[in-house]
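Working through the structure, step by step
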Amino acid sequence: MPENDSLGFVQVSLTPQQRFEEYLQSRGMRNTEQRRTLIEHIFSHHQHFDADQLIAQLPSKGEAGYVSRPTVYRTLAEFVDAGLLRKFELNGRAVYEHDYGYPQHDHLYCTQCQKLYEFQSDELIDLRNRVALEHGFRVNGHRLIIHGVCEACIKSRRRTKRKVDLI
């Protein structure tokens, strides 16, 4: 899924690697080579991904830097628990995105090309906060994914004429 980095970043005091190291130490766990490989790969660029897409990007069995499928799944759960990644469901699959050092945002999802577009909206945050206040609710966060068809897919659909349309 294509991504954009237009939302910027939030200033943080620790790198994702340092924050994860603190998380592991607080639980008496050690930082393995596989965990370091995964965190370096995931945080080297911004993209949304599922576990299978991540595994496909990593070295194969027998190659340097190989990480087994169970280790990938286990470590992704640790990254979520450590506050580094956010996990959400999209079409029945678990999708991950950067959470640490990345601003609150929402998504537009094209159901045709399956692209995710990120956006920020102060008006949406204001509405969320007003609704929460009306109900005496304390907000910890929210997730909004708007499903539809992107401009590129709408335009390509117009250009593709079906035989029945030409009659």
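For the structure, check the block above.
Cut-off values and rules
Here the residue numbers are simple positions, counted from 1 along each chain's written sequence. Given that the model is predicted, a residue must reach a pLDDT of at least 70 before its local features are reported, and side-chain atom pairs must reach 80 or more before they are shown or counted; all residues, however, enter totals for whole chains, interfaces and linings. To obtain the side-chain values, all non-hydrogen atoms of the structure were used and water was disregarded. By definition, any uninterrupted DSSP run of H or I lasting at least four residues is a helix, any uninterrupted run of E lasting at least two residues is a strand, and each is numbered from the N terminus. The span expected for a helix works out to 1.5 Å for each residue beyond the first. Between 30 and 60 degrees the pair is tilted, below 30 it is stacked and above 60 it is edge-to-face, where a pair is any two Phe, Tyr or Trp rings, Trp via its six-membered ring, whose centres lie within 6.5 Å. Only protein chains enter the area calculation, which uses a 1.4 Å probe; residues under 20% of their type maximum are buried, those over 50% are exposed, and those in between are partly exposed. Starting at the helix axis, one direction is taken to each C-beta atom, and the arc is that of these directions. Between two residues, a contact is recorded if the distance between any of their heavy atoms is within 4.5 Å.

**Brief notes about helix α5 (residues 122-134)**
The periodicity of an α-helix, 3.6 residues per turn, causes residues three or four places apart in sequence to face the same way. A rise of 1.5 Å per residue sets the reference length of α5, with its 13 residues, at 18 Å; its end C-alpha atoms lie 18 Å apart and thus fit the reference within 8%. Once α5 ends, the next one or two residues include Gly136, with phi positive near 60 degrees.

**Re the packing of aromatic side chains**
Under the counting rule described, the total for this entry stands at three aromatic pairs. Their ring planes at 80 degrees and their centres at 4.8 Å tell us that Phe20 and Phe79 sit as a pair that is edge-to-face. Of this pair, Phe20 sits in helix α1 (residues 16-26) while Phe79 sits in helix α4 (residues 69-81), and the two are 59 residues apart along the sequence. For Phe20, a relative accessible area of 1% gives the class buried.

**Looking at α1**
Every buried residue of α1 is accounted for by Pro16, Phe20, Tyr23 and Leu24. Buried residues in α1, looked at end-on, bunch into an arc of 95 degrees, giving them a common side. In α1, the exposed residues that point more than 90 degrees away from the buried face are Gln25 and Ser26. Residues of α1 that are buried sit in contact with α2 (33-42) and α4. A positive backbone phi angle near 70 degrees is found at Gly28, which sits one or two residues after α1.

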